[in-house]
Amino acid sequence: MPKLRTVHILKALTASVLIAIQAVSPLAPGVQAAGLPTLGDGASSLTTGEERRLGDSIARELYRDPDYLDDPVLQEYVEGIWLHLQDAARKNGELSPELEERFAWTLLLGKDRQVNAFALPGGYMGVYLGLIGVVSSGDELASVIAHETSHITQRHIARMMAQQGKQTPLMLASMLLGALAATRSPDAAMAIMMGGPAAVMQNQLNFSRAMESEADRMGYSLMSPAGFASQGFVSMFGKLQQASRLNDNGSWPYLRSHPLTTQRIADMDSRIPPGKRAADPVPTLEHVMMSARARVISNAGVEVRRQWATLPRSGSFSSLSQFEQVAQLYAATLSAMYLRDWPLAREMVQRLLTATAGNAPANIQAKWLNAELEFKADNPQAALAALPLQSVMAPQAAPKVTASGNLAGPSLATIDVVERVAPRRPELLLKTEILLRLNQAGSMASPLQTWVTDHPRDGSAWQTLARVWRSQGQEMRALRAEAEAQVAHYDYAAAVDRFKAAQDLARKAGARADYFEASIIDTRLRAVEELLREQLRDKAVNK
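Notes on the structure in this doc start here. Here the structure is a predicted model, which is why all the values come from computation and not from measurement.

**Quick look at the overall build of the protein chain**
Moving on, step 1. A tally of regular secondary structure across the protein chain gives 27 helices and six strands.
Moving on, step 2. Across the 543 residues of the protein chain, 53% fall into the buried class.
Moving on, step 3. Partitioning the intrachain contacts of the protein chain with sequence separation of at least 6 by distance along the chain shows that 72% fall at a separation of at least 24.
Moving on, step 4. Of the accessible surface of the protein chain, which amounts to about 23400 Å², a share of 53% is contributed by carbon and sulfur atoms.

**Observations concerning the pattern of salt bridges**
Moving on, step 1. This model, assessed by the stated rule, comprises 30 salt bridges.
Moving on, step 2. Among the salt bridges present, the one from Glu-372 reaches Arg-293, with a minimum N-O distance of 3.3 Å. With Glu-372 in helix 20 (residues 360–376) and Arg-293 in helix 16 (residues 285–298), the pair connects residues that are 79 residues apart, well separated along the chain. Pair check on accessibility: Glu-372 and Arg-293 agree, each one buried.
Moving on, step 3. A salt bridge links Arg-425 to Asp-458, with the nearest nitrogen and oxygen atoms 2.7 Å apart. Of this pair, Arg-425 sits in helix 22 (residues 425–437) while Asp-458 is found in the loop between helix 23 (445–454) and helix 24 (459–471), placing the two residues 33 residues apart along the sequence.
Moving on, step 4. When its relative accessible area of 9% is taken as the criterion, Asp-458 is described as buried.
Moving on, step 5. Taken together, the shared-partner salt bridges connect Arg-470, Glu-475, Glu-482, Asp-497 and Arg-498 into one network.

**Overview of the packing of aromatic side chains**
Moving on, step 1. By the definition in use, this model includes six aromatic pairs.
Moving on, step 2. Ring centres of Tyr-63 and Tyr-68 lie 5.1 Å apart, and the angle between their planes is 85 degrees; this geometry places the pair in the edge-to-face category.
Moving on, step 3. Pairwise contacts between aromatic rings join Tyr-63, Tyr-68, Tyr-490 and Tyr-492 into one cluster.
Moving on, step 4. Over the aromatic face of Tyr-338 sits the side chain of Arg-305, whose NZ or CZ is 3.9 Å from the ring centroid.

**Topic: the pairing of strand 2 (residues 106–110)**
Moving on, step 1. Summarising burial for strand 2: five of the five residues are buried, a large majority.
Moving on, step 2. Every second residue of strand 2 is oriented toward a common face, with Thr-106, Leu-108 and Gly-110 on one face and Leu-107 and Leu-109 on the other, all of them buried.
Moving on, step 3. Sheet topology places strand 1 (residues 68–69) next to strand 2; two bridges connect them, and they run antiparallel. Counterpart to Tyr-68 in the pairing with strand 2 is Gly-110.
Moving on, step 4. Where strand 2 meets strand 4 (residues 124–128), five bridges bridge the pair, whose relative direction is parallel. Residue Leu-108 lies in a different strand from strand 4, and its bridge partner there is Gly-126.

**As for the packing of helix 18 (residues 322–338) against helix 19 (residues 342–355)**
Moving on, step 1. Two numbers describe how helix 18 lies on helix 19: the axes approach to 8 Å, and their chain directions differ by 155 degrees. By the criterion of interaxial angle, the relationship of helix 18 to helix 19 is roughly antiparallel. Crossing of helix 18 against helix 19: the hand is left-handed. Contact with helix 18, carried on its side by Gln-322, Val-326, Leu-329, Tyr-330, Ala-332, Thr-333, Ala-336 and Met-337, involves Trp-342, Leu-344, Ala-345, Met-348, Val-349, Arg-351, Leu-352 and Ala-355 of helix 19 and no other residues of that element.
Moving on, step 2. A class-by-class count of the residues in the contact of helix 18 with helix 19 yields 13 nonpolar, two polar and one charged.

**What to know about the environment of Asp-71**
Moving on, step 1. Positionally, Asp-71 belongs in the loop between strand 1 and helix 4 (72–91).
Moving on, step 2. Taking relative accessible area as the criterion, Asp-71 reaches 8% and is therefore assigned buried.
Moving on, step 3. Asp-71 has contacts with Leu-109, Arg-293 and Ile-297, leaving out every residue within four places of it along the chain.

**Examining the sheet that holds strand 4**
Moving on, step 1. If you walk across this open sheet you meet the four strands as 1-2-4-3, and the pairing is mixed. Since the sheet does not close on itself, it has two edges, and those belong to strand 1 and strand 3 (117–120), each with one partner.
Moving on, step 2. Against the sheet, helix 4 engages strand 1, strand 2 and strand 4, with an angle of about 135 degrees to strand 2.

**Some words on the nonpolar core**
Moving on, step 1. Ranked by size, the top nonpolar core spans 103 residues in total, and within it Val-78, Leu-85, Val-127, Leu-131 and Met-289 carry the most contacts.
Moving on, step 2. Ignoring sequence-local partners within four residues, the contact set of Val-78 consists of Leu-107, Leu-109, Val-127, Ile-132, Leu-141 and Ile-145.
Moving on, step 3. Counting 28 residues, the second-largest nonpolar core is a separate cluster that includes Leu-62, Ala-104, Leu-120 and Ala-483.

**Description of the pairing of strand 3**
On a regular strand, one side chain projects to one face of the sheet and the next to the other, so that they alternate.
Moving on, step 1. Of the two faces of strand 3, the one lined by Ala-117 and Ala-119 and the one lined by Phe-118 and Leu-120 are each fully buried.
Moving on, step 2. Note that strand 3 and strand 4 share four bridges and pair antiparallel. Directly across from Leu-120, in strand 4, lies its bridge partner Tyr-124.

**Remarks on the packing of helix 22 against helix 23**
Moving on, step 1. Two elements in contact, helix 22 and helix 23, have axes separated by 11 Å at closest approach and are oriented at 140 degrees. On the basis of their axis angle, the class for helix 22 and helix 23 is oblique. Helix 22 and helix 23 meet at a crossing whose hand is left-handed. Here Arg-425, Leu-428, Leu-429 and Thr-432 of helix 22 come into contact with helix 23, specifically with Pro-447, Leu-448 and Trp-451.
Moving on, step 2. Taken together, the residues that form the contact of helix 22 with helix 23 break down as five nonpolar, one polar and one charged.

**Remarks on the environment of Arg-524**
Moving on, step 1. Here Arg-524 shows up in helix 27 (residues 515–541).
Moving on, step 2. The class for Arg-524 is partly exposed, based on a relative accessible area of 25%.
Moving on, step 3. Arg-524 has contacts with Glu-484, Val-487 and Phe-499, leaving out every residue within four places of it along the chain.

**A closer look at helix 3 (residues 48–64)**
Moving on, step 1. Taking 1.5 Å of rise per residue, 17 residues should cover 24 Å, and helix 3 covers 25 Å from first to last C-alpha, within 8% of that figure.
Moving on, step 2. Considered for burial, the residues of helix 3 that qualify are Thr-48, Glu-51, Arg-52, Leu-54, Gly-55, Asp-56, Ile-58, Ala-59, Arg-60, Leu-62 and Tyr-63.

**Some words on helix 25 (residues 475–488)**
Moving on, step 1. Its 14 residues give helix 25 an end-to-end C-alpha distance of 20 Å, which sits within 8% of 20 Å, the value for a rise of 1.5 Å per residue.
Moving on, step 2. Within helix 25, eleven of the 14 residues are buried, which leaves the element mostly enclosed by the surrounding structure.
Moving on, step 3. Of the positions making up helix 25, those classed as buried are Met-476, Ala-478, Leu-479, Arg-480, Ala-481, Glu-482, Ala-483, Glu-484, Ala-485, Val-487 and Ala-488.

Rules used throughout
- Residues numbered from 1 in each chain as written.
- Predicted model: local features only at pLDDT ≥ 70, side-chain atom pairs only at ≥ 80, totals over all residues.
- Heavy atoms only, no water.
- Helix = DSSP H or I, 4+ residues; strand = E, 2+ residues; numbered from the N terminus.
- Buried < 20%, exposed > 50% of the residue type's maximum accessible area, 1.4 Å probe, protein only.
- Contact = heavy atoms within 4.5 Å.
- Areas by Shrake-Rupley, 256 points an atom, 1.4 Å probe, with all protein chains shown as cover.
- Salt bridge = Lys/Arg side-chain N within 4 Å of Asp/Glu carboxyl O.
- Phe/Tyr/Trp six-rings, centres within 6.5 Å; stacked < 30°, edge-to-face > 60°.
- Lys NZ or Arg CZ within 6 Å of the ring centre and 35° of its normal.
- Pairing = 2+ DSSP bridges.
- Axes fitted to C-alpha atoms, helices over the stretch in contact; angles between N-to-C directions.
- Parallel < 35°, antiparallel > 145°, perpendicular 65-115°, else oblique.
- Left-handed = near helix turned anticlockwise from the far one by under 90°.
- Nonpolar A, V, L, I, M, F, W, Y, C, P; charged D, E, K, R; others polar.
- Core = buried A, V, L, I, M, F, W, Y, C linked by side-chain atoms within 4.5 Å.
- Expected span 1.5 Å × (residues − 1).

Shown next, in the form of structure tokens:
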């Protein structure tokens, strides 16, 4: 088989496995009681605990993959959309308390340019920057995430396994990892997936048409309650349909794994009540900025970034819409930062600050970019001064904002997942980095401790806290934070190593050791050692 043909086959299989392996949440009793379709007996070959462990094992590999990206700005934006959709699913009775408690509900970003999203066993959602960069509005992005969320809440993978016979978790994990490898190395992917023919894998893992229609239908039902325009579902379908008419160049794996049919398009279109049809959703300024950020980060080409960095200087710039101007200014600033052209970056960010002055969410993003610019230009004092004076809001509670800057959808008062106001993660992490550079980070220990208490699986926040504690001479605490960062990414062996190092430090300190801190380390070490034993047992069973 020619190598080029092999690449295309593996790319198609990548999409099929990435999307089709997704979705494993138990169908809540409330959903069945509400009379929603079950597509069969609803039986599962995996318990929710088994699904979570399978998802954890795959997530562990994804965290170690070079394609994994923790960009706090994009992470918060996409997570905000997903959290609104989760809240709608909860209120619709599709997200049971058991499912919410047992599953991870964790978002992972991939910096690849492929237009794709996927969900994994155990409540993990993955979104590639290529998808964020190509959608025209937050409503279109929400439609894709809503579809994938419905695959999760309807437990499609578990139900397929019940119908087709049990598949070992190891085989599922190896197929996914092989598919991921195909995006970068077809030969490596072929070696990983030699355990079974590609056709058999696709037959066993591709979602049925009924499941795709169900995910469409239930995903659509989440849009309006979550504060998004339902028209975003239809406009996204239109975009996919247009792409399907183009030659396949490997840019639309989502389309190949979720093939459009006339029936699916008509079904979505018919759900908009007569007389309420509207044009495609209008993007927010914040969305076009996030879309621009995704495109710049995912495109490592120097020549492309040089072109983007100077676009706002062209004569046609003044004729563009406000959305297009803001998108170009954001892309130009970030591109100039990658090129280390600080004067050009400063010129563009000042124009961006002016262009977004009347829109609070967009202006905060512009100020964060300005602070990021000065930090990377090794000017920490200017970076600290550039941070917004007031951007204190829990990410979970961030309301959807219209193009004019007015609140839309759920308000802070109606989001019941928020228990207290907290600093926004992008600013929390960036401010800490700036103060570390200035040797003044001691004040950030308390807010970071509060953050990791509420978000114990935030590995980056734990690592940042470790650096803060180390800067204060608190080595034992720093080692514990480093261990917790490894726990967050399921590297239990590395976590045990860090905890033991902290334990040794406590022993050497003797009576001078912090007894309370040493007790925490001892307790956590025992707990993580048990997790490591379970992880090793699972590997042994699946060999």
